[in-house]
Amino acid sequence: MSAELKELVNSPFLWVITIGGLCLVFGLALLFIIRSIKAAPHVGVTKEQVNTTLKTACVSAIGPSVVIAVGMISLLVVAGAPTALLRLSVCGNVGYEVQAVGVAAGQFGVDGTAASLTGEIFQTAVFIAALGCIGYLIVPVLFVTKFDKVIQKVGGKDMTMMMVICNAAILGCYAYVDAPYILRMDNSTVALIVGFVVTLAVQQFVKRTGKKALLQWNLLLSMLCGMLAGALVG
Amino acid sequence: MNKNAQEKDYFNSKYMPSLVLIGRIILSLAMFYFFVPFLWTWFGKGIEPQWKEIAGASAVWLMIQLPWYISEPIAYFPIQGVTGMLVCSLAGNSSNMRIPCALTAQKAAGVKPGTQQGTLVSTIAISATCFVSIGILAIFVIGGQTILNMLPDSVTNSLSLMLPALFGCIFAQFMGEDLPTAGFCMAIGIGILLIGNTGVLNWIPFDGVYLIEMLLPIFGAIIFAYNMQKRRKAKEAVSGGTEE
């Protein structure tokens, strides 16, 4: 990555935008906590239950947050610190946010590594990341109150069909994303296969031992093993 | 009875409407706000947008995200409730953090998902995770950057290999749910790429071959899975009928 580009992706202005975005999340979260605590006695939730909830949620969030933070490093390398922090603090999911740069780079005919990043790729990546958020945000904005009714209406067998179709769409997407790496036959192919095998192994292990906590680390473990294997081969 | 009715009234007439309104305003604001980095690179830094590439990347990206727009609300709504959904949608990372935390908190507090109490508890839980996760991310982002600056380029470049590893991991995660569809669409994905690489599809105008390479595995998978599920349902209906 050139010095000029490094300056662009770590610009103070991007930090200001990031802090503004985090304030949106903090503001919403704080208001919701305060209003919920206020409403608790009216709904039949005791003070003790509120305290238990706060404690449990905070403790439970530590593990997944560390996993996300480590996953974030690969985004940090290509997209810079402020963008990585903003992207992983708002809509979406660590697994998908990390790919935005890869998808953008693909359109310019290069891979999503720090070495091949340009200003145009960065710009395309931040555009699609913002565009991707619209879907996550507009669904609750428009339909949140109607969801209760819809959920009950869809129910039954149609619900199963919906899940089957959603799952198939995800598989199809990743078949498309994975196929070029498989055909490339280089260290990225090794990384992909190792990530795939480690996930299957983790799933089997959890199935046999019932240690579901490991599933939280599955993504990180697969990514690290895949990266190490790929780096060793390359 | 009267007290019960009053409580129900408070939840539905005061708690929910005010939070839904706040949520709708902040989420709508966020939709526009997230485009500021793009606008800044364009007008502030003078990088001319490459619209063709942006359109292509947007198509791929939306296809990747689309199943989540539909499946996440359906899968998580009973746990989140109306208010939890609003926070969760803005804060993201539902499946790997917010939802597990909300479930654990509901269990610890002894309330059931889908009830008013459950909704309230999950709203508090999901909101609380935002502070923890962003705090930890901020520590990593500041510390992580210092470490990265000290590392040689070869090491930082190999960190990018996490990406294909992640792609493999996600395919493996969803493969277990529907093995036949997984095999089918992967075969299509590789097959169409091999055909495209030979150049026999180059006559298709406007880079249409890329679009085909992308859409064929996705729609192939959907149609395949739909028919499989239909057949499964028909079989169930037949065996159910004979039993009766």
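One structure accompanies this document, and this report is about it.

Conventions used here
Residues numbered from 1 in each chain as written. Chains lettered and ligands numbered in written order. Predicted model: local features only at pLDDT ≥ 70, side-chain atom pairs only at ≥ 80, totals over all residues. Heavy atoms only, no water. Helix = DSSP H or I, 4+ residues; strand = E, 2+ residues; numbered from the N terminus. Buried < 20%, exposed > 50% of the residue type's maximum accessible area, 1.4 Å probe, protein only. Contact = heavy atoms within 4.5 Å. Areas by Shrake-Rupley, 256 points an atom, 1.4 Å probe, with all protein chains shown as cover. Core = buried A, V, L, I, M, F, W, Y, C linked by side-chain atoms within 4.5 Å. Disulfide = S-S within 2.5 Å. Phe/Tyr/Trp six-rings, centres within 6.5 Å; stacked < 30°, edge-to-face > 60°. Buried area = accessible area lost by both parts, 1.4 Å probe. Salt bridge = Lys/Arg side-chain N within 4 Å of Asp/Glu carboxyl O.

Concerning the overall build of chain B
Here is step 1 of the chain: Each helix and strand in chain B was counted, giving nine helices and zero strands.
Here is step 2 of the chain: Moving toward the C terminus, one meets the helices and strands of chain B in the order α-α-α-α-α-α-α-α-α.
Here is step 3 of the chain: Here chain B holds 244 residues, and 52% of them are scored as buried.
Here is step 4 of the chain: In chain B, of all internal contacts separated by at least 6 residues, the share reaching a separation of at least 24 is 58%.
Here is step 5 of the chain: Of the accessible surface of chain B, which amounts to about 11400 Å², a share of 67% is contributed by carbon and sulfur atoms.

Some details on the environment of A:Val139
Here is step 1 of the chain: By secondary structure assignment, the location of A:Val139 is in helix α6 (residues 119-143).
Here is step 2 of the chain: Since its relative accessible area comes to 15%, A:Val139 is described here as buried.
Here is step 3 of the chain: Excluding residues that lie within four positions of it along the chain, A:Val139 makes contacts with A:Val144, A:Phe147, B:Tyr69 and B:Pro73.

Comments concerning the nonpolar core
Generally speaking, nonpolar side chains in soluble globular proteins are found buried as a group.
Here is step 1 of the chain: A:Leu137, A:Tyr174, B:Phe34, B:Ile64, B:Leu90 and B:Phe171 are the most contacted members of the largest nonpolar core, which totals 143 residues.
Here is step 2 of the chain: For this core, the element with the most residues is helix α3 (residues 51-91) of chain B, which contributes 18 residues.
Here is step 3 of the chain: Contact partners of B:Phe34, with chain neighbours within four places excluded, come to A:Arg87, A:Val90, A:Cys91, A:Ala130, A:Cys133, A:Leu137 and B:Leu90.

Digging into helix α4 (residues 81-89) of chain A
One turn of the α-helix equals 3.6 residues, which is why residues spaced by three or four share an orientation.
Here is step 1 of the chain: Of all nine residues in α4(A), nine are buried, a share of seventy percent or more.
Here is step 2 of the chain: Buried residues of α4(A): A:Ala81, A:Pro82, A:Thr83, A:Ala84, A:Leu85, A:Leu86, A:Arg87, A:Leu88 and A:Ser89, and no others.

A short note on the state of the cysteines
Here is step 1 of the chain: For the structure shown, the criterion picks out zero disulfides over all chains.
Here is step 2 of the chain: Of all cysteine sulfurs in the structure, the one in A:Cys91 sits closest to A:Cys133, which takes part in no disulfide; the separation is 3.3 Å.
Here is step 3 of the chain: For B:Cys101, which is in no disulfide, the shortest distance to another cysteine sulfur is to A:Cys58 and amounts to 8.8 Å.

Here's the deal with the packing of aromatic side chains
Here is step 1 of the chain: Overall, the coordinates contain 13 aromatic pairs over all chains when judged by the stated rule.
Here is step 2 of the chain: Residues B:Trp42 and B:Phe43 carry aromatic rings whose centres are separated by 4.4 Å and whose planes lie at 20 degrees to one another, so their mutual orientation is stacked.
Here is step 3 of the chain: For B:Phe43, a relative accessible area of 62% corresponds to the exposed category.
Here is step 4 of the chain: Joined through ring pairs, the aromatic side chains of A:Phe127, B:Phe35, B:Phe38, B:Trp42, B:Phe43 and B:Trp51 make up one cluster.

Concerning the interface of chain B and chain A
Here is step 1 of the chain: Between chain B and chain A, the contact holds 135 residues from the first and 148 residues from the second.
Here is step 2 of the chain: Summing both sides of the interface, chain B and chain A together bury roughly 13500 Å²; the carbon and sulfur share of this comes to 80%.
Here is step 3 of the chain: It is B:Phe34, B:Trp61 and B:Met162 that lose the most area in chain B upon contact with chain A, and together they represent 6% of the buried surface on that side.
Here is step 4 of the chain: Here chain B is connected to chain A by zero salt bridges.

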